[in-house]
Amino acid sequence: MTLSLGTPTTATGLDTLSDCIDFKVIPLTTDKAGYLYYNNTGGYNAARVVTSSGTTISAIGAEANIIGAIGSDICIATLSTSSFVVVYEGTGNTGIRAKACTVSGTTISVGSETVLYNPGGSVIGTSDDLFACRVDTNKGMTVFGDDTNSAFGTAIAFTVSGTTISAGSVHVFTSIGMANPGADEFYGSSTHVLVTYINST
């Protein structure tokens, strides 16, 4: 197997590592991807879509301002070839929140913020304790260790219509302290997700 590498292309317009940090990349189609990063110069979390032809980056979309500085970690998950969701903890102990985004070409449209869970305290203890994944083209799930409830493993499913998110009920899936959750759909299922985590107690 031979790996062919393309020529590096400036992805954000920001010059240094301190200006642009914490990259997260998601696939959208066979020739299109999205990426989320923190614009340290502007003080907000942003996303862009990029297209490619072979090993050549053919187009980089305009920056979309997703959310300003946040209280803890932020994660991103593909839902379909034209949509993704961003999940994060809000500032000032305002709970787990999410925004749905749609993609047309390389243009991102950002939806309004939806509160998924707000127990009235700091939910996420470390930057690795929040994760989101796709369940179906219009459905996702977030998993996290809830620091307001002894870091018990907690999950919330949500549906997405356009850029509107409707949250399901909160489900505690393990009554032990946990860390570093992960989750992914069972391919082709649309109803089943595998959740992994580290027992931190």
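Residues numbered from 1 in each chain as written. Predicted model: local features only at pLDDT ≥ 70, side-chain atom pairs only at ≥ 80, totals over all residues. Heavy atoms only, no water.

J.: So what exactly am I meant to see when it comes to the overall build of the protein here?
T.: When you go through the protein residue by residue, the secondary structure sums to zero helices and 15 strands. Taken against the 2.2 N^0.38 rule, which gives 17 Å for 201 residues, the C-alpha radius of gyration of the protein at 17 Å falls within 12% of a compact globule. With the C-alpha coordinates aligned to their principal axes, the bounding extent of the protein is approximately 50 × 40 × 35 Å. For the protein, the residues scored as buried account for 43% of the 201 residues in total. As displayed, the protein has an accessible area near 9,700 Å², and 50% of this comes from carbon and sulfur atoms. (Helix = DSSP H or I, 4+ residues; strand = E, 2+ residues; numbered from the N terminus. Rg over C-alpha atoms; globule rule 2.2 N^0.38 Å. Buried < 20%, exposed > 50% of the residue type's maximum accessible area, 1.4 Å probe, protein only. Areas by Shrake-Rupley, 256 points an atom, 1.4 Å probe, with all protein chains shown as cover.)

J.: Please clarify how the pattern of salt bridges should be interpreted in this entry.
T.: Side-chain pairing between opposite charges can occur once the charged atoms of the two side chains come close. This model, assessed by the stated rule, comprises two salt bridges. The salt bridge involving Glu113 is made with Arg97; its shortest N-O contact spans 2.6 Å. With Glu113 in the loop between strand 9 (107-110) and strand 10 (114-117) and Arg97 in strand 8 (residues 96-104), this pair connects stretches of sequence that are 16 residues apart. The exposure class of Glu113 is partly exposed, given its relative accessible area of 36%. Look at Arg97 and you get buried, because its relative accessible area is 16%. Between Arg134 and Glu185 there is a salt bridge, with the nearest N and O atoms lying 2.7 Å from each other. Highlighted residues: Arg134 in strand 11 (residues 130-136) and Glu185 in strand 14 (residues 164-185), separated in sequence by 51 residues. Since its relative accessible area comes to 24%, Arg134 is described here as partly exposed. (Salt bridge = Lys/Arg side-chain N within 4 Å of Asp/Glu carboxyl O.)

J.: For this particular structure, what's the right way to read the packing of aromatic side chains?
T.: Any aromatic ring pair is given by two values, namely how distant the centres are and how the planes are angled relative to each other. By the definition in use, this model includes five aromatic pairs. Relative to Tyr197, the ring of Phe173 has its centre 5.7 Å away and its plane inclined at 50°; by these criteria the two rings are tilted. Of the two residues, Phe173 is situated in strand 14 and Tyr197 in strand 15 (residues 193-199); the sequence distance between them amounts to 24 residues. Assessed through its relative accessible area of 26%, Phe173 is described here as partly exposed. You can call Tyr197 partly exposed: its relative accessible area is 34%. Ring-pair connections join several aromatic residues into one group, and the members of that group are Phe23, Tyr35 and Tyr37. (Phe/Tyr/Trp six-rings, centres within 6.5 Å; stacked < 30°, edge-to-face > 60°.)

J.: I tried to follow the state of the cysteines on my own but got confused; where do I start?
T.: Two cysteines, two sulfur atoms, one covalent bond between them: this is a disulfide. Considering all chains together, one arrives at zero disulfides under this definition. Here Cys75 stays free of any disulfide, with the sulfur of Cys133 as its closest cysteine sulfur at 9.6 Å. A relative accessible area of 6% means that Cys75 is categorised as buried. For Cys101, which is in no disulfide, the shortest distance to another cysteine sulfur is to Cys75 and amounts to 12 Å. (Disulfide = S-S within 2.5 Å.)

J.: Got a minute to help me understand the sheet that holds strand 15 in this structure?
T.: In a beta sheet, neighbouring strands pair by backbone hydrogen bonds and run either parallel or antiparallel. Read from one edge to the other, the open sheet built from five strands follows the order 11-12-13-14-15, with strand pairing classed as antiparallel. Each edge of the open sheet carries a strand with a single partner, namely strand 11 and strand 15. Neighbour to neighbour, the strand axes of the sheet diverge by 25° on average, direction disregarded. (Pairing = 2+ DSSP bridges. Axes fitted to C-alpha atoms, helices over the stretch in contact; angles between N-to-C directions.)

J.: Would you explain the layout of surface pockets in this entry?
T.: In this approach a probe as big as a water molecule rolls over the atoms, and the regions it shows empty are the leftover space. Roughly 380 Å³ of volume is contained in the largest pocket. Lining the largest pocket are 25 residues, and of these Lys24, Ile74, Cys75, Ile76 and Phe131 sit closest to its centre. Elements with a contribution of two residues or more to the lining of the largest pocket: strand 1 (20-29), strand 6 (74-80), strand 11 and strand 14. In terms of residue class, the lining of the largest pocket is built from 15 nonpolar, four polar and six charged. In this model, the second largest pocket occupies a volume close to 160 Å³. As for the second largest pocket, its lining consists of Thr7, Pro8, Thr9, Ala11, Phe23, Val25, Ala33, Gly34, Tyr35, Val50, Ile57 and Ile60. Those elements giving two or more residues to the lining of the second largest pocket turn out to be strand 1, strand 2 (32-39) and strand 4 (56-60). At three residues, the largest contribution of residues to the lining of the second largest pocket is made by strand 2. (1 Å grid on protein atoms, 1.4 Å probe; cavity = no way out; pocket = protein on both sides within 12 Å on 5 of 7 lines; lining within 4 Å. Points joined across faces, edges and corners; volume = space filled by probe spheres on them. Nonpolar A, V, L, I, M, F, W, Y, C, P; charged D, E, K, R; others polar.)

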